[in-house]
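Overview (structure and organization)
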Amino acid sequence: MMQLIKPYFKTLSAISPTLASKSAFEMFQKVRKKDIRDREKPFYDEANRYEIPFKNESIHCYAFGNPEDDIVVLVHGWDSNVGCMYKMVAPLIAKNKYVIGFNLPGHAFYSANKTHLYDAKGSFKAFMQSLPKDKTIDIIAHSFGSAVTAFGLSEMEFKVNNLVFLTSPNKMEDVFIDYKNFIGLNEKAYRKLTQRADKILKEPLALVNVESRMQLVDFNHLYLMHDKSDKIIPFSYSEKIHAAVKNSTLYSFDKLGHYKMLWNDDLITKVMEVIK
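What you see is a predicted model, and the numbers here were worked out from it, not measured in a lab.

Section: the side chain of His-226
Among the secondary structure elements, His-226 is positioned in strand 7 (residues 218–227). Apart from residues lying up to four places away in sequence, His-226 is in contact with Thr-167, Ser-168, Ile-233, Pro-234, Phe-235, Ser-238, Tyr-251, Ser-252 and Phe-253.

Details of the packing of aromatic side chains
Counted under the stated rule, the structure contains eleven aromatic pairs. Every member of this aromatic cluster is reached through a ring pair, and the members are Phe-43, Tyr-44, Tyr-62, Phe-64 and Phe-109. In this arrangement the basic side chain of Lys-34 is found over the ring face of Tyr-259, its NZ or CZ atom lying 5.7 Å from the centre. The ring of Tyr-190 has Lys-180 sitting right over it, with the charged end atom 5.4 Å from the ring centre.

Details of the layout of surface pockets
Regions of empty space are outlined by a rolling probe, equal in size to a water molecule, passed over the atoms. One number sums up the size of the largest pocket: a volume of about 1300 Å³. If you trace the largest pocket, you find 37 residues lining it, with Phe-28, Trp-78, Asp-79, Val-175 and Tyr-179 closest to the centre. Among the residues forming the lining of the largest pocket, the class breakdown is 27 nonpolar, five polar and five charged. Roughly 260 Å³ of internal volume is contained in the second largest pocket. Considering the residues around the second largest pocket, the lining is formed by 14 residues, among which Glu-57, Pro-105, Ala-112, Lys-114 and Asp-119 are closest to the centre.

So, empty space enclosed by the protein
A complete count under the given rule lists one cavity of 30 Å³ or more for this structure. In this structure, the largest cavity encloses a volume near 70 Å³. Each residue belonging to the lining of the largest cavity can be placed in one class, and the counts come to two nonpolar, three polar and six charged.

A closer look at the sheet that holds strand 1 (residues 48–52)
Ordered by their spatial adjacency, eight strands build an open sheet running 1-2-4-3-5-6-7-8, and the pairing between neighbours is mixed. This sheet does not close on itself; its edge strands, each paired only once, are strand 1 and strand 8 (248–253). Shown here is a sheet whose adjacent strand axes are inclined to one another by a mean of 20°, direction ignored.

The rules behind each value
- Residues numbered from 1 in each chain as written.
- Predicted model: local features only at pLDDT ≥ 70, side-chain atom pairs only at ≥ 80, totals over all residues.
- Heavy atoms only, no water.
- Helix = DSSP H or I, 4+ residues; strand = E, 2+ residues; numbered from the N terminus.
- Contact = heavy atoms within 4.5 Å.
- Phe/Tyr/Trp six-rings, centres within 6.5 Å; stacked < 30°, edge-to-face > 60°.
- Lys NZ or Arg CZ within 6 Å of the ring centre and 35° of its normal.
- 1 Å grid on protein atoms, 1.4 Å probe; cavity = no way out; pocket = protein on both sides within 12 Å on 5 of 7 lines; lining within 4 Å.
- Points joined across faces, edges and corners; volume = space filled by probe spheres on them.
- Nonpolar A, V, L, I, M, F, W, Y, C, P; charged D, E, K, R; others polar.
- Pairing = 2+ DSSP bridges.
- Axes fitted to C-alpha atoms, helices over the stretch in contact; angles between N-to-C directions.

Interpretation note: all reported values are geometric properties and have no functional meaning in isolation.
This is the structure we're talking about:
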């Protein structure tokens, strides 16, 4: 199936750039839903589940620990689910944290299977606005979830303590360029694709990046943790964010894997060190 995508979009781009861009954008938004893995299932078995109203389908939220404690929010990445961060729950509770996570739209148990940055950002903002205002709040986010966190907070008057980004995209245009090259869109179809993205994001794609949005976020410190050999999101993205954000620290790792890092003892130990 995957080997047919590039020839298909190359041909369609030549015949009808408009149709190619529309088809490409539909595919770009589609979440590849996967079965909940065995190691993720305890997250859902043990959590206190609740929902927050949001558009057509309520946000699925999960909580652990004592609600009187300060809060740590978990934000998962694309094609994933918040259960992938289960291994961090017990160490956080041991640090007297109330751990709360939610599934982004289109992922895990939602009936829909499509989303995009603008919609994910909206769900994040609704989730954050539901939290008590008298607690210290830290956020641990992975991959796409880091971008969602940066964009969501940049549009809120909301003070958070520490942010931990376990890899992060930076310029959204880079994501689209990689996608264009992967599926074989020609330049005309790609321009139409970015125009569709501009309309959804309500701003030019070329201006959408994490490093500039972080300048608008009210937080104490940003900790970036990234595998130097990450094959999904280049390490250089975190380097650029670190260079642009004054109150940030970058920790590099080697051969953890983009997804497997969430279950790695060394990385989790480092995360616990910065969640004080």
